[in-house]
Amino acid sequence: MTGNLYRGQAGLPFSSSLRIYEPLEAFPAEQQRQLVADSGRIGSRAAVENAELQASLGRITRSGGDPFPTGRTDLVRMTRVPTGRHTAASDKEDHDAGRLLYCPSQLVIRAGLAANALMDGVHSPLADLLIPVSQRDKHQVRIDRINAGEDAKRVHTRASTWGIPFSWFSLFQESDRKDVVESDGHILTVRVWTPLTDALDRARFAVANLALAAPDLDMLDDLTQLTEWLELFHVQSMVELDYGAVADKVYPDESPMDVRLGIECLAEGDMTGAAAAYRRLASRWIPIRQLARAS
């Protein structure tokens, strides 16, 4: 499979993802076997991204009017986490010997959630035309089949188009590990990683401070839901923020620092500092979000 599809993505919305990678023992036994088989079949991370994008484009043009994934196969992303202490000189050895963590794509469930959000949104009349009732009913049968299993409630991926929710940035700090993926002078994506325990501590700190300083802020509701979601996963998991193609527009990005400073300023009653942090965020991300309305 060529990498051109992954590198190009011309004309497609900017899409970013927040993912949870869990150790193998966090999954039911049957799913463990499937994760190992799927990861060996797909291979590299770039191959996974290519396969997912190609499959989504294939569903759009599929005959019969069914845009949903069938669930016959699923994709899985993997990462390795070093298991011990290391120095810069021994990074490669520790990385190679590190523990494998898995993030299943769960396309059937996520497609159903996305369709429901579309039906409940302002574009619901258009959604009726794009997704016929018969196809939604057919897909609901697939979802019901998965929900009957042992591990249906933990959806490992959250996605956002045309920008990254500010609440996501509260989970990360400037010192977290970053992978910058580049090709032909362009940044394809930036991935930021942090242990789940650190992400939870940061989310709870943000919730506690916003609840006192700005209880009416929409971001507080987002962070509360985000914290509840993180609490569903294995304590030894990793959290990944995958910027996607929008990274080429915003990186280097100081949004995690701006969100943290904004929350700290609110907690201290420093409205000037909080406003300055928000202005920096807005100047960086509002132009991206406006692209969603561009012709």
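To keep things clear, this report deals only with the structure shown in the data block. Keep in mind that this is a model prediction, so the values were computed, not measured.

The rules behind each value
- Residues numbered from 1 in each chain as written.
- Predicted model: local features only at pLDDT ≥ 70, side-chain atom pairs only at ≥ 80, totals over all residues.
- Heavy atoms only, no water.
- Buried < 20%, exposed > 50% of the residue type's maximum accessible area, 1.4 Å probe, protein only.
- Helix = DSSP H or I, 4+ residues; strand = E, 2+ residues; numbered from the N terminus.
- Pairing = 2+ DSSP bridges.
- Core = buried A, V, L, I, M, F, W, Y, C linked by side-chain atoms within 4.5 Å.
- Contact = heavy atoms within 4.5 Å.
- Phe/Tyr/Trp six-rings, centres within 6.5 Å; stacked < 30°, edge-to-face > 60°.
- Axes fitted to C-alpha atoms, helices over the stretch in contact; angles between N-to-C directions.
- Parallel < 35°, antiparallel > 145°, perpendicular 65-115°, else oblique.
- Left-handed = near helix turned anticlockwise from the far one by under 90°.
- Nonpolar A, V, L, I, M, F, W, Y, C, P; charged D, E, K, R; others polar.

## Concerning the pairing of strand β1 (residues 15-23)
Counting buried positions along β1 yields eight of nine residues, so the element is predominantly enclosed. In this structure, β1 lies alongside strand β4 (residues 157-161), joined through five bridges in antiparallel fashion. In the strand pairing of β4, Leu18 is matched with Arg158. Relative to strand β7 (residues 238-242), β1 runs antiparallel, the two being bridged by five bridges. Each residue of the ladder has a partner; that of Leu18, found in β7, is Leu241. With two bridges joining them, β1 and strand β3 (residues 99-104) adopt antiparallel strand pairing. Bridging from a neighbouring strand, Pro23 pairs with Leu101 of β3.

## So, the environment of Leu217
Note on placement: Leu217 falls in the loop between α9 (196-213) and α10 (218-230). Judged by relative accessible area, Leu217 falls into the partly exposed class, the value being 36%.

## Observations concerning unusual backbone geometry
Omega for the peptide link from Tyr251 to Pro252 comes to 5°, which places this bond in the cis form. Its place among the elements puts Pro252 in the loop between α11 (247-250) and α12 (255-267). The phi dihedral of Asp184 is positive, around 55°, even though this residue is not glycine. Along the chain, Asp184 turns up in the loop between β5 (177-183) and β6 (186-195). Classification of Asp184 as exposed rests on a relative accessible area of 69%.

## Quick word on the nonpolar core
Leu18, Leu171, Leu230, Val239, Leu241, Tyr243 and Trp285 are the most contacted members of the largest nonpolar core, which totals 41 residues. With seven residues, α9 is the single largest residue contributor to this core. Apart from residues no more than four positions distant in its own chain, Tyr243 is found in contact with Ser15, Ser16, Ile164, Phe169, Thr189, Val190, Val192, Val250, Asp253, Pro256 and Trp285.

## Some remarks on the packing of aromatic side chains
Scanning all chains against the criterion turns up six aromatic pairs. Summarising the aromatic geometry, the rings of Phe14 and Trp162 are spaced 5.6 Å apart at their centres and angled 70° between planes, so their arrangement reads as edge-to-face. In this pair, Phe14 is assigned in the loop between α1 (4-8) and β1 and Trp162 in the loop between β4 and α8 (166-169), connecting sequence segments 148 residues apart. Using a relative accessible area of 14% as the deciding quantity, one classes Phe14 as buried. Overall, the relative accessible area of 23% leaves Trp162 in the partly exposed class.

## What to know about the side chain of Asp38
Relative to the helices and strands, Asp38 resides in helix α2 (residues 29-42). Residues within four places of Asp38 in sequence aside, it is in contact with Asp74 and Val76.

## Details of the packing of α12 against helix α13 (residues 271-290)
In helix packing, the relevant descriptors are the interaxial angle and the interaxial distance, both defined with respect to the helix axes. In contact at an axis separation of 8 Å, α12 and α13 are set at 155° when each is read in the N-to-C sense. Considered as vectors, α12 and α13 are oriented roughly antiparallel to each other. At the point where α12 passes α13, the crossing takes the left-handed sense. Of the residues in α13, those in contact with Ser255, Asp258, Val259, Leu261, Gly262, Cys265 and Leu266 of α12 are Met271, Gly273, Ala274, Ala277, Arg280, Leu281, Arg284 and Trp285. Here the residues of the contact of α12 with α13 sort into nine nonpolar, three polar and three charged.

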